[in-house]
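# Coordinate analysis (summary)
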Amino acid sequence: MKNEMDSLEFISAAEKGLGACPHCRLMIQFPHGGAGKQTVHCPRCGAPVHLRLPFSIQRTWALIFCAGICYVPANLLPILTVIQFGSGAPDTIISGVKHLFADGQWPIAILVFVASVVVPLVKIGVIVCLLISVHARWRWRPRERAAAFYIIDALGRWSMIDIFMISILVALVQLGTLATVEPGLGAAFFGAVVVCTMLAAMTFDPRLLWDSAR
Ligand SMILES: [Zn+2]
């Protein structure tokens, strides 16, 4: 079995001119075995079906580059300011985590640290590695690389937890002069990181991992 996987002697569906609809999973035979038209519309649900997503690598590189740039101000600029009784200083993600730790709220501190600092960084790192593996036509463990992609894709929506927290705080703690919570510029950059990484996961075509593995 291992030797079979190592040699990777398989024929891809695309080579047979077959593509699956991303919405209803209908298998579609492309005209001329996929040699001519690379995009058709699903006869069952009408969704566009591609043998491979067009410009997948270029779009994913562009989005992940944006995410990488926005990650810096997202961590350096204040993400929110809590003003209690007229005083308060702006907090970055890290200083917020430190405050939570100091207050003894370490479960929330760990949650915020993992969701806001670790997860976006891991996502960017994994997508960059996958892109490089496609460029370099790695034959190494395509199954595991595809699994890494699906985990990153599923993780996407959970990194919004910080933005949810800020929006809930802002909505709840508008007590006028007693206490206010104001979102900072870092929150906008953080939102941009999350959106860019989510879009990058959407534009990356995991089938390319198998193409490059052959
Ligand atoms: Zn369909």
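Not measured: the values here are computed from a predicted model.

Another aspect to go through is the overall build of the chain. A count of helical and extended segments in the chain gives 8 helices and 7 strands. The 214 residues of the chain split such that 25% are buried. By sequence separation, contacts in the chain at least 24 residues apart represent 65% of the contacts at least 6 residues apart.

On to helix α2 (residues 56-76). Its 21 residues place the ends of α2 31 Å apart at the C-alpha level, agreeing with the 30 Å of an ideal helix rising 1.5 Å per residue. On the buried face of α2, the contacting elements are α4 (106-135) and α7 (185-203).

A separate point is the confidence of the model for the chain. Mean pLDDT over the chain works out to 84, with 87% of the residues at or above the 70 mark. Between the elements of the chain, mean pLDDT differs from a low of 49, seen in helix α1 (residues 2-7), to a high of 95, seen in α2.

Attention shifts here to the nonpolar core. If you look at the biggest cluster of nonpolar residues, it comprises 32 residues, and the most contacted ones within it are Ala67, Cys70, Ile127, Phe190, Val193 and Ala200. Counting residues per element, this core draws most heavily on α7, which supplies 9 residues. Those residues in contact with Val193, other than ones at most four positions away along the chain, are Ala67, Cys70, Tyr71, Ala74 and Pro120.

Quick look at the sheet that holds strand β6 (residues 90-91) now. By definition, the strands of a sheet pair up through backbone hydrogen bonds, in either a parallel or an antiparallel sense. Taken in spatial order, the 3 strands line up as β6-β5-β7 in an open sheet, and their pairing is antiparallel. Looking at strand neighbours, the two that pair on one side only are β6 and β7 (179-183), the edges of this open sheet. The pairing of strand β5 (residues 80-84) with β7 spans 5 bridges and is classified as antiparallel. The partner of Leu80 across the bridge, within β7, is Pro183.

Next up on the list: unusual backbone geometry. Unusually for a residue other than glycine, Phe55 sits at a positive phi of about 50°. Its location among the elements puts Phe55 in the loop between β4 (48-50) and α2. Backbone geometry places Arg137, a non-glycine residue, at a positive phi of 50°. Mapped onto the elements of the fold, Arg137 is located in the loop between α4 and α5 (142-155). Using a count of 10 C-beta atoms within 10 Å as the deciding quantity, one classes Arg137 as exposed.

Thresholds, definitions, all that
- Residues numbered from 1 in each chain as written.
- Predicted model: local features only at pLDDT ≥ 70, side-chain atom pairs only at ≥ 80, totals over all residues.
- Helix = DSSP H or I, 4+ residues; strand = E, 2+ residues; numbered from the N terminus.
- Buried ≥ 20, exposed ≤ 12 C-beta atoms within 10 Å, placed from the backbone.
- Contact = placed C-beta atoms within 7 Å.
- Expected span 1.5 Å × (residues − 1).
- pLDDT = per-residue confidence, 0-100.
- Core = buried A, V, L, I, M, F, W, Y, C linked by C-beta atoms within 7 Å.
- Pairing = 2+ DSSP bridges.

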